[in-house]
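# Architecture at a glance
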Amino acid sequence: MEKKRIYKFGNGHAEGRADMRNLLGGKGANLAEMNLIGVPVPPGFTITTEVCTEYNQHGKEAVVELIKKDVEEAIAHVEELMGSKFGDKENPLLVSVRSGARVSMPGMMDTVLNLGLNDEVVEGIARKSGNERFAWDSYRRFVQMYGDVVLGMKPKSKDDIDPFEEIMEKKKAEKGITLDTEFTVDDLKDLVVLFKAAVKECTGKDFPTSSWEQLWGAICAVFDSWMNERAITYRQMYQIPEEWGTAVNVQAMVFGNMGNTSATGVAFTRDASTGEDLFNGEYLINAQGEDVVAGIRTPQQITTEGSRRWAKLQGISEEDRASKYPSLEEAMPECAAQLIETQQKLEDYFKDMQDLEFTIQDNKLWLLQTRNGKRTGAAMVKIAMDLYRDGEIDDKTVLKRMEANKLDELLHPVFAKEALQQAKVIAKGLPASPGAATGKIVFFADDAEAWAEKRKKVVLVRIETSPEDLRGMTVAQGILTARGGMTSHAAVVARGMGKCCVSGAGDIKVDYKARTIEMSGKVYKEGDWISLNGSTGEVYEGQVATVDPELSGDFAAIMDICEKYTKMDVRTNADTPKDAAIARKFGAKGIGLCRTEHMFFEGERIKAMREMILAKDTAGRKEALKKLLPMQRSDFEGIFEAMDGLGVTIRLLDPPLHEFVPHQLATQKELADEMGMTLEEVKLACDALEEFNPMLGHRGCRLGNTYPEITEMQARAIIEAALNMKAKGIIVHPEIMVPLVGIVTELKMQADIIHATAKKVFEEKGDTIEYKVGTMIEVPRAAVTADEIAECADFFSFGTNDLTQMTFGYSRDDAGKFLKIYREKGILKNDPFQILDQKGVGALIKMATEKGRSVKPQIKLGICGEHGGEPSSVQFCNSLGLNYVSCSPFRVPIARVAAAQAAVEQA
Ligand code: PEP
Ligand code: MG
């Protein structure tokens, strides 16, 4: 059978369904479903995502040929349902053409509205609607949008001028007006002529008058927009595969700009910031959809309750509010009631918070979209738990609804109460996305990127944001905008990222040219510090102090569900008792990696360490090691105490020794004086430690095998600390880990030293304790010979940082230079240091797992590279049946959710 490429819907019938989102995109699938459940939706059709893939493979002409007949037939279907005709002068049908990928990518791809207009059709629309202004306003918008989107006239950078905006501004100045709504019919007619002239000048071609030519142009532009830079950046950020493609939705236009009985808006069935069960949203009378999201006019609230809250935040009196900014409930009570009923119906049906787009044309409500709404981490947790408690979803669905990485937002500091009392509020906007952000003011996304690269904390301040600002928003601590409501681009995208955002702070004056912002009568410059409170919408002067958040209630309930289903334990990578305690609070089941070298950098210790490194012989080294022993022992005692009852994996010294010695003359001189050496001697000794490839040099167990006394000291410190803690009644499970083993003999020699030292300490102390000796698997040879290595290891811990480095042959320190380009060129889909390369590195892990278990079925297996806290990598570990993953303390909850999700999905 011929592949079906187009799915029609309308009038309560649809060829598609909600569960066909892969093929129809999220928007198309839900438009179909809304038809099936009796929600009013303008008729139309969806061109599948597979066609997008065909488009990218075979090109425009081939695909147009392929779907031409079907599109013509689908338009005829819409004509029949609407009782009008596409391109007809007397009774014309206009359509919208929108993108719609599998997952929503707000604002990243293109849309064209009011399509089908030309100089004759506009007259037909004017006659049919009895509203000449509306007809010409639609035509003006269409030429502008089509010019921008399809004909490529959209400005490419912040310095380019939008030719259409320039013409409009000039016209406003001529007429002495400020708002678009003040244009007369004649002004709009003039604008259309001027816009078309601008098109001719820019593109060298006349604006297309044929409706069909317009339609094909728009369909292809939407497919093209899948490959635009913004969309590519967004996909990279959210790991959305390029192969997915976007669908194209063509629908009969309904008009929110037909006069004062028409409106358009967006709404959420619950609060997307806090998760509260509060229907909320914004609308504009006599407007089209893009006016609401673009943040050009400040929209009004749908519910009266929401409107009152909004007015309070803005400092607007109830009288002013009711007369100037009425809610939809007040302005159009019948349509509002119908909308409230519909939102409940949709939420009950989809059993999740919905994000809706609607249009009211001449007092009739139409739904243009419903989708699961983007939300903050806090809202994600609350909404799922509320629906669970209401019996709407089960606990496995709660788990499925968790975007593991988003939990991170709940774990980070909030403003300290006392600090807030002292803080000076300099502006107020809408609490668009919660959080506490402090940073230096920047005005442009590229500056935000450049400053962030230099490790500066920035707050991105914009009049309004556009999808071009995405990268800048990603690196900023927070975002402040002068215009735009709770559903503006800035707000929606910030919530999606879990980034603090205050939007629509109407009283601030941003001057891009001078790079200044005026707030409460004071001028702040680029580089000045400000703080944003995304939960209240307040903007403070300077830096405001923060504290740790509360982690009980719903968060704890989610963690309990994880505990119920997880098969793997989650441990933590922690080097200090403080980090260990934080991780334990988050539910870590032990330490998977304690990097002992970090302890050597503190205070006086580095001196003893340097003495050890620069010692001329074994006796000198032993002398220095004696000084280090008590320090290490007390560190381990602290960590054992914090992890009372849980396993603690301590790794022997790993980094190349040159990392510990001074490289500057002044510090070398100091060291020389302290050690009674000449500067020359110290310099020579330090230079001798230089290596061309230190990461592949004298490090890991190669240190312990060349200087066994180091291993001896560390083993002694661990066993003595364990016995001391045991004597205090603390339950200690020490696991000693040998790094960078590639040959079984390397491990064997280290294990011999450890066992001999432990034996000695047991005799000295007259007490014993159980301990394990294992190894990291981070050299490919170790993975390949894991059966031999398992013979003398109680456990393996996959060090996927080094294993990735050595499998790819990419230096961990230098790969940044080319990884970005490799990803842009599609050579790599992801950064393999962040997301485990399952095909290559993963195959080595699988091989080592199987080989290890073949000789020692009960061998304990875990992972402690950075990947141990990355959800897709955690899922992979679960599929191999590893015993645990280990990650930094703040990623413990993320890994717990990912591990539980994997257990449920892979069951
Ligand atoms: C690893 O290589 O994955 C690892 C955990 O060790 P480090 O990052 O300390 O080299
Ligand atoms: Mg390593």
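Here we summarise the structure given alongside this text. (Residues numbered from 1 in each chain as written. Chains lettered and ligands numbered in written order. Predicted model: local features only at pLDDT ≥ 70, side-chain atom pairs only at ≥ 80, totals over all residues. Heavy atoms only, no water.)

Burial along strand β34 (residues 884–887) is two-sided: Y884 and S886 facing one way and V885 and C887 facing the other are all buried. Where strand β33 (residues 860–863) and β34 come together, two bridges link them in parallel fashion. Paired with G862 across the strands is Y884, a residue of β34. Between the parallel pair β33 and β34, the chain is carried across by helix α36 (residues 871–879), and the sense of this crossover is right-handed. (Buried < 20%, exposed > 50% of the residue type's maximum accessible area, 1.4 Å probe, protein only. Helix = DSSP H or I, 4+ residues; strand = E, 2+ residues; numbered from the N terminus. Pairing = 2+ DSSP bridges. Right-handed = clockwise from strand over helix to strand, strands pointing away.)

Our focus in this paragraph is helix α30 (residues 744–765). With 22 residues, α30 should reach 32 Å at 1.5 Å per residue; the first-to-last C-alpha distance of 31 Å fits that figure. Buried residues along α30 sit against α28 (701–706), α29 (708–727), β30 (733–738), β31 (772–777) and α32 (786–790). At the exit of α30 stands G766, carrying a positive phi of roughly 65°. (Expected span 1.5 Å × (residues − 1). Contact = heavy atoms within 4.5 Å.)

Next up on the list: the environment of V185. In this fold, V185 is placed in helix α7 (residues 185–203). Spatially, the C-alpha atoms of V185 and R133 are 5.1 Å apart, while their sequence positions differ by 52 residues. In contact with V185, not counting residues within four places along its chain, are E132, R133 and W136.

Let's shift gears to unusual backbone geometry. For D362, which is not a glycine, the phi torsion comes out positive at approximately 50°. Position of D362 relative to the elements: it lies in the loop between β12 (354–361) and β13 (364–372). Of note, L740 is a non-glycine position whose phi angle comes to about 60°, a positive value. Considering the arrangement of structural elements, one finds L740 in the loop between β30 and α30.

Take helix α37 (residues 892–905) next. Here α37 contains 14 residues, and its C-alpha end-to-end distance of 20 Å stays within 8% of the 20 Å for a straight helix at 1.5 Å per residue. Of all 14 residues in α37, 12 are buried, a share of seventy percent or more. Taken as a whole, α37 has its buried residues at V892, P893, I894, A895, R896, V897, A898, A899, A900, Q901, A902 and A903.

Moving on, we come to the sheet that holds β13. Taken together, the five strands give an open sheet; going across it, the order is β11-β10-β9-β12-β13, and neighbouring strands pair in antiparallel fashion. Two strands lie at the open edges of the sheet, namely β11 (300–301) and β13, each paired on one side alone. Here β12 runs beside β13; their pairing, made up of eight bridges, is antiparallel. Each residue of the ladder has a partner; that of Q361, found in β13, is K364.

Next up on the list: the site of ligand 1. The local shell around ligand 1 holds 14 residues, among which R595, E778, G799, N801 and R812 are the closest. In this structure, an oxygen atom belonging to ligand 1 sits 2.9 Å away from a side-chain N or O atom of R651. In this structure, an oxygen atom belonging to ligand 1 sits 2.9 Å away from a main-chain N or O atom of D802. Bound to the protein, ligand 1 loses 95% of the 290 Å² it would expose on its own. Broken down by secondary-structure element, the contributors of at least two residues to the shell around ligand 1 are β28 (590–595) and α33 (800–808). A per-element tally of the shell around ligand 1 places α33 first, with three residues. The residue inventory of the shell around ligand 1, partitioned by class, reads three nonpolar, four polar and seven charged. (Near = heavy atom within 4 Å. Polar contact = N/O pair within 3.5 Å; in protein donor to acceptor, adjacent residues only side chain to side chain. Areas by Shrake-Rupley, 256 points an atom, 1.4 Å probe, with all protein chains shown as cover. Nonpolar A, V, L, I, M, F, W, Y, C, P; charged D, E, K, R; others polar.)

What follows concerns the pattern of salt bridges. Applying the stated criterion across every chain, the model contains 69 salt bridges. Residue D206 is joined to K200 by a salt bridge in which the shortest nitrogen-to-oxygen separation is 3.4 Å. With a shortest N-O distance of 3.1 Å, R812 and D802 are connected by a salt bridge. In this pair, R812 sits in the loop between α33 and α34 (816–824) while D802 sits in helix α33, placing the two residues 10 residues apart along the sequence. The exposure class of D802 is buried, given its relative accessible area of 2%. Among the charged side chains, a network of salt bridges with common partners joins E597, R651, D654, R699, D802 and R812. (Salt bridge = Lys/Arg side-chain N within 4 Å of Asp/Glu carboxyl O.)

Further remarks concern the nonpolar core. Counting 123 residues, the largest nonpolar core has I558, F640 and F796 as the members making the most contacts within it. It is α29 that provides the largest number of residues to this core, a total of 10 residues. If we ignore the near neighbours within four places in the chain, the residues touching I558 are V381, M385, V398, M402 and V897. Within the second largest apolar cluster, 86 residues are counted, among which are I47, M105, A135 and C501. (Core = buried A, V, L, I, M, F, W, Y, C linked by side-chain atoms within 4.5 Å.)

Within the protein, the atoms that donate to the magnesium ion (ligand 2) are E778 (OE) and D802 (OD), at distances of 2.0 to 2.2 Å. With E778 in the loop between β31 and α31 (780–784) and D802 in helix α33, the pair connects residues that are 24 residues apart, well separated along the chain. You can call E778 buried: its relative accessible area is 2%. (Donors = N, O, S within 2.8 Å, 3.2 Å for Na, K, Ca; no water.)

According to the stated counting rule, one finds three cavities of 30 Å³ or more in the structure shown. Size it by volume and the largest cavity reaches roughly 70 Å³. C562, E563, T566, M568, D569, V570, G587, K589 and R896 together form the lining of the largest cavity. Only α22 (553–565) and β27 (569–573) provide two or more residues apiece to the lining of the largest cavity. In this model, the second largest cavity occupies a volume close to 50 Å³. In terms of lining residues, the second largest cavity is bounded by L652, L653, G700, C701, L703, G704, I710, T711, Q714, P739 and Q750. Of all the secondary-structure elements, those providing two or more residues to the lining of the second largest cavity are α28 and α29. Looking at the lining of the second largest cavity, its residues break down into six nonpolar, five polar and no charged. (1 Å grid on protein atoms, 1.4 Å probe; cavity = no way out; pocket = protein on both sides within 12 Å on 5 of 7 lines; lining within 4 Å. Points joined across faces, edges and corners; volume = space filled by probe spheres on them.)

Attention now moves to the layout of surface pockets. Put simply, the second largest pocket is a space of about 710 Å³. Within the residue set of the lining of the second largest pocket, elements represented by two or more residues are α9 (229–237) and α34. Top element by residues in the lining of the second largest pocket is α9. It accounts for three residues. Residues of the lining of the second largest pocket, tallied by class, amount to 10 nonpolar, six polar and 10 charged.

Right, let's get into the packing of helix α23 (residues 577–585) against helix α25 (residues 618–642). Direction vectors running N to C along α23 and α25 enclose 10°, while the axes themselves pass 8 Å from each other. Relative to α25, α23 is oriented roughly parallel. Packed against α23, whose contacting residues are P577, A580 and R584, the element α25 presents G638, I639 and A642 at the interface. Grouping the constituent residues of the contact of α23 with α25 by class yields four nonpolar, one polar and one charged. (Axes fitted to C-alpha atoms, helices over the stretch in contact; angles between N-to-C directions. Parallel < 35°, antiparallel > 145°, perpendicular 65-115°, else oblique.)

Moving on, we get to the pairing of strand β24 (residues 529–533). For β24, the tally of buried residues reaches four of five residues, placing the bulk of the element in the interior. Bridge count between strand β17 (residues 436–442) and β24: five bridges; the pairing is antiparallel. Along β24, the bridge assignment pairs G439 with I530. In this structure, β24 lies alongside strand β25 (residues 538–541), joined through four bridges in antiparallel fashion.

For the rest of this paragraph, the subject is the packing of aromatic side chains. All told, the structure shown has 19 aromatic pairs when counted by the stated rule. Members of the aromatic cluster, each reached through a chain of ring pairs, are F808, Y810, F818 and Y822. Sitting above the plane of the W451 ring, K456 keeps its charged end 4.7 Å from the centroid. Over the aromatic face of Y884 sits the side chain of R571, whose NZ or CZ is 4.7 Å from the ring centroid. (Phe/Tyr/Trp six-rings, centres within 6.5 Å; stacked < 30°, edge-to-face > 60°. Lys NZ or Arg CZ within 6 Å of the ring centre and 35° of its normal.)

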